[in-house]
Amino acid sequence: MADELPPPAELISFIEGLAEPHILFDRHYRILSANAAYRNRFSTERSVVGQTCYAASHRYSVPCDQAGESCPLARARESGQKERVLHLHHTSHGEDYVNIELTPVLDAQGEQVYFIEKMEPQPLASGRSQAQGLVGRAESFQRMLELVSRVAPSRAAVLLQGESGTGKELVARALHEASERAERPLVVVDCTALPETLFESELFGHERGAFTGATTAKPGLVEAANGGTLFLDEVGDIPLTMQVKLLRLLETGTYRRVGSTELRHSDIRLISASHRDLRRMVADGTFRQDLYYRLSTFPIRLPSLRERRSDIPLLAQTLLQRLAPERRLRLSKEALDYLQSRQLPGNVRQLRNLLERAVLMCDGDTLQIQHFEIPGWEEEAQLADAGVSTDHAARLAPVPLSELEESALRQALASHQGSKADLARQLGISERTLYRRLKAL
């Protein structure tokens, strides 16, 4: 068979001269050559030549696709062209994420006989504990990370969707840092914190005298992000009246300061995030459809902690390192079992809060289960696991009627599948009243 013959010396010489890590292997996954860049970054003392690529890279005994991962060789055989995947790769320092780009080499008959694999280190995340950035190994995390790595170098608008506490701002920061705009500013806008009356002036800026109290001209956050990235967190909370102006910015790259007729230009890459179901909001008429499609050029769903429970030990150790870098803290087996048994609806944010409390209660270097099971905290934890508010004052204090009406309206919106007219009839109010209350929301 052709692939049992030694590879051409010219092919080995070609990959040896490349600056990035490359290996050459045959149709049986056997590594035939590894260049100096690969040997310097990935090899241990033992040579990888003669090993299979899946054994050298992952310590697997079978090809990646048989071990539950995406195999670029299998994909190249099927597609007949270059393929790219994201993998965790063994290095002398542990496992790191790398982008694998595999190119088939054809013989004179057009048959695939060799494969050249380029390995590009991926700094977006790590499969081991580190001081900052994204950390994870679970399959759902890796699927998300592959999407992040593909879209990061582009200019495409990205919509991050996932539950609260899943790390949307961390992912937005990773997207920015892996883009060509990394040296320019990343400006974060918390859409929930801006009242409707101030939203436009905060986003686009205002001129002196534009409104009462505007004693000086002020540039907006869009202007501050020029040349860089604008991250709109909780974009579902943007008032309907502002959504059309944001749409104009995205479509034309232009905007006006409040109180000015001058058209200004801004060069931004937009990343937005929401824990809300924006498609349902579009159907309910509370979010513009045209804006939704502008924001969701490349949607990425962030997995909840329930979907990556196997990452809890790694996340816990990473968070301990970040919470108390001056202490070498670890978790006892009982404490780790306790964390893994919890529902944690607040996701990584809730896990961090639990660990931070336990760190303060621990005087030694090992967190025990008693550092988590503090009287009063345990009741709060059980309520949180059940998805119940843990604010005793809020639970015991009388609730204003307006808040009850608002809560009832939000619940009705979340569960209703029909038209606005049907919803108004269900609530026993007129359509005009319904639209007025939706606008107030």
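## Regarding the nonpolar core
- Ranked by internal contacts, the top residues of the largest apolar core, which has 28 residues, are L230, L232, V235, I238 and F287.
- Put simply, the parts of the chain that give this core at least two residues each are β8 (186-190), α7 (196-204), β11 (229-233), α9 (240-252), α10 (278-284) and α11 (289-295).
- Here L230 is in contact with V187, V189, L221, V222, A225, I268, R269, L270 and I271, once residues within four sequence places are set aside.
- Among the nonpolar cores identified, the runner-up in size contains 25 residues, and Y97, L124, L145 and A152 belong to it.

## Here's the deal with the sheet that holds strand β15 (residues 298-301)
- With respect to topology, five strands assemble into an open sheet ordered β8-β11-β14-β7-β15, the strand pairing being parallel. For this open sheet the edge positions go to β8 and β15, each flanked by a neighbour on one side alone. This sheet shows a mean twist of 20° between the axes of neighbouring strands, independent of strand direction.
- In this structure, strand β7 (residues 158-161) lies alongside β15, joined through four bridges in parallel fashion. Across the sheet, residue L159 finds its bridge partner in β15, namely P299.

## Regarding the pairing of strand β3 (residues 83-91)
- The element β3 is extensively covered by neighbouring structure, given that eight of its nine residues are classed as buried.
- One ladder, built from nine bridges, connects β3 with strand β4 (residues 94-106); its direction is antiparallel. Its bridge partner lying in β4, H87 is registered against V98.

## A short note on the side chain of N35
- When you line up the elements, N35 lands in the loop between β2 (31-34) and α2 (36-41).
- Engagement of the side chain of N35 in a polar contact is seen with the backbone oxygen of E20, the distance being 2.9 Å.

## What about unusual backbone geometry?
- Not every positive phi belongs to a glycine, and L344 is a case in point at roughly 50°.
- Inspection of the secondary structure puts L344 in the loop between α13 (333-341) and α14 (347-361).
- The buried category is assigned to L344, whose relative accessible area is 1%.
- Here the phi dihedral of N347 falls at roughly 60°; this positive angle occurs in a residue that is not glycine.
- Relative to the elements of secondary structure, N347 occurs in helix α14.

## Some thoughts on the packing of α7 against α9
- Look at α7 against α9: their axes get within 10 Å of each other, and the N-to-C directions meet at 15°. Considered as vectors, α7 and α9 are oriented roughly parallel to each other. For the crossing formed where α7 meets α9, the hand is left-handed. Along the contact surface, α7 presents E196, F199, E200 and F204, while α9 presents T241, M242, K245, L246 and L249.
- Across the contact of α7 with α9, the residue classes tally to five nonpolar, one polar and three charged.

## Brief notes about helix α4 (residues 72-79)
- Along α4, the residues that are buried comprise P72, L73 and A76. Looking straight down α4, one finds that the buried residues subtend no more than 100° of arc, so they occupy a single side.
- Where the residues of α4 are buried, they touch β1 (22-26), β3, β4 and β5 (112-126).
- G80 occupies a position one or two residues after α4 and carries a positive phi of about 75°.

## Description of the packing of aromatic side chains
- On inspection of all chains with the given rule, the structure shows seven aromatic pairs.
- Pairing F25 with F115 gives two aromatic rings, centres 5.9 Å apart and planes at 25°, and the pair type is stacked. Within this pair, whereas F25 is found in strand β1, its partner F115 is found in strand β5, the two being separated by 90 residues in sequence.
- Among the residues examined, F115 registers a relative accessible area of 0% and is labelled buried.
- The interplanar angle of 70° and the centroid separation of 5.4 Å between the aromatic rings of Y29 and Y54 together place this pair among those described as edge-to-face. Of this pair, Y29 sits in the loop between β1 and β2 while Y54 sits in helix α3 (residues 53-58), and the two are 25 residues apart along the sequence. The same class applies to Y29 and to Y54, which are both buried.

How each quantity is defined
- Residues numbered from 1 in each chain as written.
- Predicted model: local features only at pLDDT ≥ 70, side-chain atom pairs only at ≥ 80, totals over all residues.
- Heavy atoms only, no water.
- Core = buried A, V, L, I, M, F, W, Y, C linked by side-chain atoms within 4.5 Å.
- Buried < 20%, exposed > 50% of the residue type's maximum accessible area, 1.4 Å probe, protein only.
- Helix = DSSP H or I, 4+ residues; strand = E, 2+ residues; numbered from the N terminus.
- Contact = heavy atoms within 4.5 Å.
- Pairing = 2+ DSSP bridges.
- Axes fitted to C-alpha atoms, helices over the stretch in contact; angles between N-to-C directions.
- Polar contact = N/O pair within 3.5 Å; in protein donor to acceptor, adjacent residues only side chain to side chain.
- Parallel < 35°, antiparallel > 145°, perpendicular 65-115°, else oblique.
- Left-handed = near helix turned anticlockwise from the far one by under 90°.
- Nonpolar A, V, L, I, M, F, W, Y, C, P; charged D, E, K, R; others polar.
- Arc of directions from axis to C-beta.
- Phe/Tyr/Trp six-rings, centres within 6.5 Å; stacked < 30°, edge-to-face > 60°.

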